[in-house]
Every structure is written in structure tokens, then in C-alpha cells.
Amino acid sequence: MLKPLEWQDRPALIEHLLPVQKLSVESHKEQMSNQGKTLTALGSYWKGRKPLILNKACILGALLPTTEDSLQDLAMFELLMGMDEQSLAIRQGRIKPNTIVQRVSGLVVADWFEVTPEHADVPDITPFDVNDFPCKVIRNNKKQTVIPKLSWRASLSEQQKLHWEAQALPYNAYRSNVSIARRPEELIDEAHRHIWPRINAFYGTNAISFPEFIEQIGIARFGHRPRVADVFCGSGQIPFEAARLGCDVYASDLNPIACMLTWGAFHIVGASPEQRRNIDKAQKELAEKVQQEIDKLGIETDGQDWRAKAYLYCLEITCPESGWKVPLLPSLIISRGKKVIAELKPNATEKKYDIQIKYVKSDEEVKNAKVGTLQDGDIVHSPDGNIIHRVSLNGIRGDYKDGKDNKNALRMWEKSDFIPRSDDIYQERLYCVQWMKKKLKGSQFLYDFRTVTADDLQREQQVIEYVGAHLAEWQKQGFVPDMVIEKGYNTDQPIRERGWTHWHHLFNPRQLLLNGLIRKHSILPASIVGLCQALNRNSRLCKWDSSEGVDAVGDVFYNQALNTLFNYGSRSSEYLSNQIRLDGCKNYPFAIIETKVHSAPANEFPESCDVVITDPPYGDAVKYEEITEFFIAWLRKNLPAEFAHWNWDSRRSLAIKGEDEGFRQGMIAAYRNMAQHMPDHGLQVLMFTHQSGAIWSDMTTIIWASGLQVTAAWYVVTETDSALRQGANVKGTIILILRKRHQHLETFRDDLGWEIEDAVKQQVESLIGLDQSVRAHHPEGLYTDADLQMAGYAAALKVLTAYSVIDGKDMVIESEQPRRKGIKTFVDELIDFAVQTAVQFLVPVGFDKGEWQKMTAVERFYLKMAEMEHQNLKTLDNYQNFAKAFKVHHFDQLLSNSSKANSARLKLGAELKGNLMSGNAEIANTPLRALLYALFEIQKDVEGEDVLLHLMENCPNYLANKRLLAKMADYLAEKRGTLKPSKTFKPDQEASAARILAEAIRNQRV
Ligand SMILES: C[S@@+](CC[C@H](N)C(=O)[O-])C[C@H]1O[C@@H](n2cnc3c(N)ncnc32)[C@H](O)[C@@H]1O
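What counts as what
Residues numbered from 1 in each chain as written. Predicted model: local features only at pLDDT ≥ 70, side-chain atom pairs only at ≥ 80, totals over all residues. Heavy atoms only, no water. Helix = DSSP H or I, 4+ residues; strand = E, 2+ residues; numbered from the N terminus. Rg over C-alpha atoms; globule rule 2.2 N^0.38 Å. Buried < 20%, exposed > 50% of the residue type's maximum accessible area, 1.4 Å probe, protein only. Contact = heavy atoms within 4.5 Å. Areas by Shrake-Rupley, 256 points an atom, 1.4 Å probe, with all protein chains shown as cover. Pairing = 2+ DSSP bridges. Axes fitted to C-alpha atoms, helices over the stretch in contact; angles between N-to-C directions. Phe/Tyr/Trp six-rings, centres within 6.5 Å; stacked < 30°, edge-to-face > 60°. Parallel < 35°, antiparallel > 145°, perpendicular 65-115°, else oblique. Left-handed = near helix turned anticlockwise from the far one by under 90°. 1 Å grid on protein atoms, 1.4 Å probe; cavity = no way out; pocket = protein on both sides within 12 Å on 5 of 7 lines; lining within 4 Å. Points joined across faces, edges and corners; volume = space filled by probe spheres on them. Nonpolar A, V, L, I, M, F, W, Y, C, P; charged D, E, K, R; others polar. Near = heavy atom within 4 Å. Polar contact = N/O pair within 3.5 Å; in protein donor to acceptor, adjacent residues only side chain to side chain. pLDDT = per-residue confidence, 0-100.

**Thoughts on the overall build of the protein**
Phase 1 of the analysis: Assigned secondary structure in the protein consists of 38 helices and 29 strands.
Phase 2 of the analysis: A compact globule built from 1006 residues should have a C-alpha radius of gyration of about 30 Å, and the protein, at 33 Å, falls within 12% of that.
Phase 3 of the analysis: With the principal axes as the frame, the protein shows a C-alpha extent of 95 × 85 × 70 Å.
Phase 4 of the analysis: Scored against the burial criterion, the 1006 residues of the protein give a buried share of 57%.
Phase 5 of the analysis: Within the protein, counting contacts between residues at least 6 apart in sequence, those at least 24 apart form 73% of the total.
Phase 6 of the analysis: Of the roughly 42600 Å² of accessible surface on the protein, 49% is carried by carbon and sulfur atoms.

Next up, the structure:
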């Protein structure tokens, strides 16, 4: 049994190893599962969630110790992560004996399997395919041919069966096996049952579940169950995973919506089965109560057994040319799948268009309806079918510039407004209703899109009057918001584009009524969580999605902006009820642990914790502090006790944001506070998304100034082409491991060079060693060049941040110095120096160190990336990362035009042709550029002598570089020779040209 504090001084596993490639695969799988993600059902509007599997790796990696045996450490970690082969077999749904005998060789059938029928004549030894050994049986007095069936012998243990199932995994590659497997978290108990005997034997524990294991290793490391904190908890992804594993967890965030979501993760998803039943029952009753009140008003039924499902609204303007009222419809399609369109019928008496909803027969007719009245910012319509009026919407809105600001003539709405006034530029009208009715048999519904009738309009009027009569009272009681929209990057949009000044303006009368009723009856905290899901799905900002098979009202936060719409969908109470009921929300009951949620700025976090894991705000990714005011406005008053003591204000000014000095100072205050709340042997994991080149320097100053030091760094690819940002960027997460800086060490910059080089060397070599051991048994290794690069950086930062004084300067004071734009600080210089030392150490095989260092940055970059491509690593982020490391500014010039996020590549010599030979291009006038041109010429069948002649002219200092040129050609021949050619990409021809050129250079007499 482990003794208290026995592991106190042992380095954590994550300080020595982390299987980042497998983690990237698993993280990507989780991110791609969209609605299947565990916590998303609580708040699909929260963007930028860190994958649970990555969080689990960080938590376990911070708690587990390292031993003398790295390979065993790795094996245990993979068992705990559900990444070992046996877990994979379970995750794939168990592989059957008939398949095992096909895939595994050398098994004696009689030792492992029962064969039915017994007399079947299958081979004694595997492999074979049972289908090749049909046998005859008599069934019902008839002769039949059957395929033999194998089953495990009854005496075998689960472990023995799993062993062979793991040998029979269908693919060699981890990625392919994972693609057909479930996520480890989906079968926590099942996927981990087999691991405990090995885990207990290795660590000296006595556990059969994660909470038991975590408690025991927590005692060995900290003397008690581990206390984990996340002070930027957001949606609660990190705290939830820590709690699910069995840690005591303390979460906090400045934003009360983040606090609410984290509370939901703990108390709804992590609830006991009984608590969960109560929550589900209460939410069902809430949905029913709301529906009853709506039914009492009779505003969602047609009086003939049909209930409304969705209402479609659009804006309407008066055309200044014709004086006609024109609905603003970007498209007239209502439903592609059901072939429903809106038809505009001119009504000359009223100078407006009646809108008829029509089911059409052909796809052609649907296609013709694609273009509506709004075309490229113009209103286009023709009341008589002859004269077409085309008027710019900008003109109608009266757009103008006031200095740098875009303004217009829209009236600013007042607090009492909830529909447009009759003289407003934008009017709003209902143009279609989707009805639903239960089918006579079963639970399914019939649906029907219909033209708006006089009865519908009368019901609309009834809603308007009802809301008008109650709004002020509801606002007073807090059932409907009365909060002003504060100006900001995202919040300016509804103000500018619609004149909406208060948050309730983002909801139409039906939505105010329905959402307000839900709010009124939301007494329990879980109901508030459900309310926010409903608000996200029932606002004037919800798109109507007419795509094939969809026909649905979308959500406000399909991205992280407050985009206004010309037409939108509004839900009925029936259609909204599954949001209130938190349908699809999972349940993973927690063990008995302590969880707390604070609504506090990170620099005021009050709890003492052993491990702090954070994913701080960085750059301008998501402006949580602005967009969540959409919800805060609804929640400020009358909250259940669990939430009432939080600060229900987004406190924009306290939010850490951007990348400037404010960001740095905010982060220093936060991390300093956390370091102070951590014991001396505590540990921090800091995750951030790799975005700008300045990040290394910023993070280093933050770490330095907080009294922390780096002990390791990792890079995991967590997202691809996400909706968070425009552009085809693959996003990776850098993970820094931090400890308190205990000693007061001093050094000089001149001495740092050697030390960094040594540390980089040691770190890279230890990773390469581990990688090679893994490759000895598996087709895939543990690390790629890019990971080694990251390890190189980490080693450099490790050395740097261990010192308190460099060149006589106190690094805490230096780090606190404000940055001035364009001016390099002492710390910047140190980081540059450290990173360059690290990069330069990583010399590709084929060149010696001296040659490598003499090359220009862009040459090193090109050659390094050729190596990456050879290793089949072709994500764009790799190019970005290496370009930053090598200080190549325009790496895009070297990339093929067809490069995408997941398949980028360099231009070959044949593709560069004569470009970038001279002028400002970084690669111009370099030996490598001359060489690539020569490769182009060889492929163009230029005479060998001429090729060499041109090479001599193009390559500066040819004679001195001759040997290097031949090496470069050899190197490129090798790297390109293995790439797969396509119609437009001919690496094989380039490789063969490079071989010819290398020979020609070597044989050339000059
Ligand atoms: C990148 S997000 C965290 C996302 C989270 N890991 C997840 O998976 O959902 C950063 C969080 O920091 C919070 N934040 C910003 N400034 C803060 C401050 N000064 N103190 C505490 N939290 C802050 C934001 O509200 C946001 O929730």
C-alpha cells in the first residue's frame, strides 16, 4: 500500500512523457463528435471547449509519477487513457472468434475455441477463414450446408480473450482503429475493467475504479485526495473531467454563465442517478407547465388539431422607388426536402406582396426560388412583372460614415419597444407557419407548411397585446430582460444593424412570451441551465434552415457573433420543450468528492490546490465577456440560491483579453495568485492555442513574473477548420508544465547558450530513445519531428525560467516591464536566442551541424518541411510552427497553391519554375533556390551541361557550396522519392531529377 507523501518529490509523468500523437487523434475524434460531446447538451452556445480526453491526460499526467522504466510508464498511462490495444478492442465492440482466427496466426484452435458443429473440419492452426470450410448438417431431417461458428472456450478468462482480440485489431494505424471505435469516456467502466490488476501491481495501489485510484495516488503525492483547480473554467470541461476521475475540484471564472455551465457539469451530468431522475422530472413538469399556459391563451393551435411547430418571420421595407412594401427574403425556399417555396403575389390595392406558401413538384421549381428579394445588398422586386425595381438597402437604411464609424438612419428602439413602430424603416411580418399533428398511429408527426391566414394574424395580434400589457411587469420581476446592450466588438452589431438597444429587443413577442414563461417557472438551478439552451434556440437571431432533410430553427451561437437576420424562425412551446428538458444530456455520476464553483477573477481565486490546470483566454478567439450578456440579461434577477451569490455581470473590464499589455498584466496577476495557492510540490498545466509568434515571449514573461518555471511542453492538435476563426487553420494546443521556482539562481547570457544546447540535446535524445523503443514494437512511433521541435523549445524555456537573475537583471522585474510596440525587450532577445539554439540543434540527417548552421533560415525551413512531408505530416500548422521557429516570414510563397489545412505541401522545383529567383523573396539567391531551378530544368529536358552552367551562375559562391548542393540534391531525392504522385503532383520525377543532378554535380570537373 502506498504511504502518504511517498511520491511527493517524484517528477510527474507529464514532465517526462506524453503520447501526443495518439492524444491528437483522440482529441480530434472528440471534437468531431459535435452534439455527441458530453457537456455540449448543457450549453451548445459555449465555443472553444477543451477536449475531455486531453484534460484527462493532463490530470493523470500531473498526478502519476515517473519511474525508472519509461516504457512501462507509458504503457500504464495508455491503459488509464483507454489507448492500449485491449481497450481499443473493447471500444470497437469486441472482435468475434471467427474474425480472430482470420487475423491472428499460429493459434492452436483447440486451445482457445469451441467449434460448432463439432465435426466441422476447420484447420488446427490459424489463420484461416471459416467461410472456406463449410460443413454439412442435418436439420429437420434435411441436409444443409453451414459455416462453422467459433466461440471462446468457457474456461478462458476475460483477460485471455482480450489479449487475442487486441492482436486482431483491424488496422495497424492508431488513427484508423480509433476512427471505428467509441470514445473511452463513452464506456468508462467497460473500457477500464481489465486495467486494474496491472495498474495496481505497477503502482502499488489497490483500486478498481478511477476515484479509488486517484484518491490513493493523491495521498502518495499530496497526503490527501488531490485538489484540482481551474480558474478559467469556461464551460467546465477541465473541472468536470477532474471530478469524474475522482479529484476534489475548485473551479472559477469571471463570467457567471461559465460558472453556471460548470455547475451544470457537476450537478446535472455528474449527478447521482436519483438526483438526475429528480432533475429530469422537474424539467419535464416545467415544459408541461409552460405548454399549459400557452395552450390556455390558444395562440399556438389552429383550432383543428394542428399545433404550430415553427413561425417564419421576415423584415419588410417600403421601396422608395415604387412605394411598395417589400418583404426582405434572401431566398424564397421554405423547405428543399419537401419542395416548399414562398410565392410573392402583388397586391396592387395595398401596394404590398401577399406571400403564398406552395408545394411544388420539381427540383427545378425549388431551384428557381433560390433567389429572393434581397440580392447582393439590393432590394429587387417587380410589382407588374415588367419594371424591375432595384434599390440599394444601404440607401434605404440611410447608411453613412461618421469618421471611422458606420452609421445609419435607423431609429434606436426604446425600453418599452418589442416590435417595430409603424414609421420604422424595418417592419417585421410573419410569412409562413409550420404546423404539426400527431399521426393516428405511433408517436410520429405530420408536418405542413401553410400560408399565413387571417386567423394566424389575429393570434399574432393577441400575442402582441398580451406582451404589451405585461412587459413592464415581467421586466420588473426579472422574467424578461430590461438590460441595455453595452457597446462592444460583437454587441455593436445588433445596435447598428437593427437599432436594438436593449437585450429583449433580440426577441419577438412570441419569443418574449414563451421564454418569459420558462424563466418565470425556472425555480431550480438546472432549469436556469435549460432556459439558456432555450434562449439560444428562440431569438430573432435564429436562422431558418431550409436544407434538405433539416427544416429547423437554428441557434443564435452557431458562431460566436450576434449576427442579425432578414428572416428567421421562431419556435413553438412544443418545439422548444426538448431544449428545456435538456434532452440528450448524459449522466456520469461522480464519486463522493468536493466540488465548488466561484464567480471570481482569477487573481482573486481563494482556494489552495495541489494541481492547477488552466486554459486561459488568449488572443481574440471568443469574446465571452460580450456575447454571454445575451444570457446574463435574462438571469440577473430572482435566481436560485445556488447561483444568486455570483456576480451577475460580465465585468468586461476585468476580463483578460487580447494580446497586449493588459493581457500580460492580467495573466501575471492570475498566475501569481495561483502559484501562491499551490504547495511547493504542486504543479500547474497551462494550455494555450498557438496563434502568434509573440506567444512564447509573452508566456515566458508571465511564467517568470509569477514565480513559476517551465518543466516540460507538449503540442497536441485539438481542432481542425473550426468555426471559431476564419481560414483553414489547424489548431493546436501547447501544454506547458509549470512548477514553483524555488531556488534563486543567477547566470550570464554567454553561459546560457551551452546550457540550453545541452538541455535540448538531452531532452530530444530522451524522446528519440523512447520513440525508437516504441517503434521497435509498433508500426507507429510516439513522436514526430514537430514534437521534438516543441520539446526543444520546452527545454530552452526550462533552462531560462529556472533563473531568477540573468546578466545581473532580476527576471521578475524585467518580465513585469511594459512592452512597447516594435521594441524588443531583454526577455524577447533571450527567448529568440533560446528558440534559435533549440531549432539549430535539430539538424536533419544528411547534413552536418556546420553546414546546417550556414544555411539561410528559409533553406533550413524548406529542407525541414521536405522531411516532414516524407513522414507524411502535412498539416498546415506544422508549416506555420516551423516558419515561426525558423523566422521565415513568407512561407506561403513556398507552399503549393492547392494547400489546405490538412494537406499542405511545398512547391516542387518544377512548380516554382523561374519564380522567386531574385528580388525580395527570402529564398531568392540562395544555393537551394538555384538547386530547385536546376531540378526544374532537368525535368524540362534542358541539356545536362547547360543545367550545370546555370546552376553555377545562379548559386552564389558555387565552388564553396558544391558539396552542399550535392547533399541537398541527395536529401531531396530521398524525401521526394517516397511521396505519392498524382495527376498534378510529380514528386517521383523531381526525385529522379535530384538523383541525376546530385551525380552530375559530384562528377563535374571545374
Ligand atoms: C479559453 S476560455 C476557457 C474554456 C474552457 N477551458 C472550456 O473548455 O470551456 C477562458 C475563460 O477565461 C475567462 N476569463 C477571462 N478573464 C478572466 C479573469 N480575469 N478571471 C477569470 N476568468 C476569466 C473567460 O470567461 C473564459 O471562460
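Picking up where we left off.
**Considering the sheet that holds strand β11 (residues 352–359)**
Phase 1 of the analysis: Reading across from one edge, β9-β10-β11 is the order of the 3 strands in this open sheet, with antiparallel pairing throughout. Only two strands of the sheet have a single neighbouring strand rather than two, namely β9 (333–335) and β11. Sheet twist, expressed as the average angle between the axes of neighbouring strands with direction ignored, equals 35°.
Phase 2 of the analysis: Pairing analysis gives 8 bridges linking strand β10 (residues 340–347) to β11, with the strands arranged antiparallel. In the sheet register, asparagine 347 faces β11, and the bridge partner there is lysine 352.

**Brief notes about the side chain of arginine 307**
Phase 1 of the analysis: Within the secondary structure, arginine 307 sits in strand β7 (residues 307–318).
Phase 2 of the analysis: With relative accessibility at 17%, the residue arginine 307 sits in the buried group.
Phase 3 of the analysis: Those residues in contact with arginine 307 that lie beyond four places of it in its chain are Gln291, Asp295, Glu300, Thr301, Gln434, Trp435, Met436, Ser573 and Glu574.

**Notes on the packing of aromatic side chains**
Phase 1 of the analysis: The full count for this structure, using the stated rule, is 33 aromatic pairs.
Phase 2 of the analysis: Plain terms: the ring middles of tryptophan 263 and phenylalanine 643 are 5.2 Å apart, the flat faces sit at 85° to each other, and that makes the pair edge-to-face. Remark: phenylalanine 643 occurs in helix α24 (residues 641–644) and tryptophan 263 occurs in helix α13 (residues 256–269); sequence separation between them is 380 residues. The residues tryptophan 263 and phenylalanine 643 share a single accessibility class, namely buried.
Phase 3 of the analysis: On the basis of an interplanar angle of 15° and a centroid distance of 5.4 Å, the ring pair of tyrosine 313 and tyrosine 568 is categorised as stacked. Remark: tyrosine 568 occurs in strand β21 (residues 567–571) and tyrosine 313 occurs in strand β7; sequence separation between them is 255 residues. As far as burial versus exposure is concerned, tyrosine 313 and tyrosine 568 are alike and both buried.

**Examining the sheet that holds strand β13 (residues 378–381)**
Phase 1 of the analysis: Pairing is antiparallel across the open sheet formed by 3 strands, whose spatial order is β12-β13-β14. Here the strands that pair on one side only, and so sit at the sheet edges, are β12 (374–375) and β14 (389–392).
Phase 2 of the analysis: Of the strand pairs in this sheet, β12 and β13 are connected by 2 bridges, and their pairing is antiparallel. Bridging from a neighbouring strand, leucine 374 pairs with isoleucine 379 of β13.

**Remarks on the packing of helix α35 (residues 927–939) against helix α37 (residues 958–977)**
Phase 1 of the analysis: Contact geometry for α35 and α37: axes closest at 10 Å, N-to-C directions at 55°. In terms of orientation, α35 lies oblique with respect to α37. Crossing handedness for the pair α35 and α37: right-handed. For the pair formed by α35 and α37, the contact residues are Pro927, Leu928, Leu931, Leu932 and Leu935 on the first element and Asn961, Leu965, Met968, Ala969 and Leu972 on the second.

**Topic: empty space enclosed by the protein**
Phase 1 of the analysis: Scanning the model with the defined rule gives 8 cavities of 30 Å³ or more in all.
Phase 2 of the analysis: Its boundaries defined by the atoms lining it, the largest cavity holds a volume of some 120 Å³.
Phase 3 of the analysis: Lining the largest cavity are 13 residues, and of these Trp413, Pro420, Tyr426, Arg498 and Trp500 sit closest to its centre.
Phase 4 of the analysis: The class makeup of the residues in the lining of the largest cavity is 7 nonpolar, 1 polar and 5 charged.

**Considering the site of the ligand**
Phase 1 of the analysis: By nearness alone, 23 residues border the ligand, and Lys50, Ser235, Asp253, Ala602 and Asp615 come closest of all.
Phase 2 of the analysis: Between an oxygen atom of the ligand and a main-chain N or O atom of lysine 50, the distance comes to 2.8 Å.
Phase 3 of the analysis: One of the side-chain N or O atoms of serine 235 is found 2.6 Å from an oxygen atom in the ligand.
Phase 4 of the analysis: When the ligand is considered free in solution it has 600 Å² of accessible area, and contact with the protein chains removes 95% of it.
Phase 5 of the analysis: For the shell around the ligand, the per-class residue count stands at 14 nonpolar, 5 polar and 4 charged.

**A few points about the pairing of strand β17 (residues 427–438)**
Phase 1 of the analysis: Alignment of β7 against β17, held across 9 bridges, turns out to be antiparallel. Residue glutamate 316 lies in a different strand from β17, and its bridge partner there is glutamine 427.
Phase 2 of the analysis: Both β17 and strand β18 (residues 445–450) contribute to a ladder of 6 bridges, which runs antiparallel. Paired with valine 433 across the two strands is arginine 450, which belongs to β18.

**Describing the environment of valine 104**
Phase 1 of the analysis: By the element assignment, valine 104 lies in the loop between α5 (97–103) and α6 (109–112).
Phase 2 of the analysis: Taking the relative accessible area as the measure of exposure, valine 104 reaches 6% and is therefore buried.
Phase 3 of the analysis: When neighbours within four sequence positions are excluded, valine 104 is seen to be in contact with Thr126, Pro127, Trp164, Gln167 and Ala168.

**Points about the confidence of the model for the protein**
Any residue range with low pLDDT should be treated as having predicted coordinates unsuitable for detailed reading.
Phase 1 of the analysis: In the predicted model, the protein carries a mean pLDDT of 92, and 97% of its residues have values of at least 70.
Phase 2 of the analysis: Low pLDDT, under 50, characterises residues 721–730; the predicted model gives this stretch 31 contacts beyond four residues in sequence or across chains.

**Things to note about the environment of alanine 75**
Phase 1 of the analysis: Residue position: alanine 75 is located in helix α3 (residues 70–81).
Phase 2 of the analysis: Given a relative accessible area of 22%, alanine 75 falls into the partly exposed group.
Phase 3 of the analysis: Note: C-alpha distance between alanine 75 and arginine 198 (123 residues apart in sequence) is 10.0 Å.

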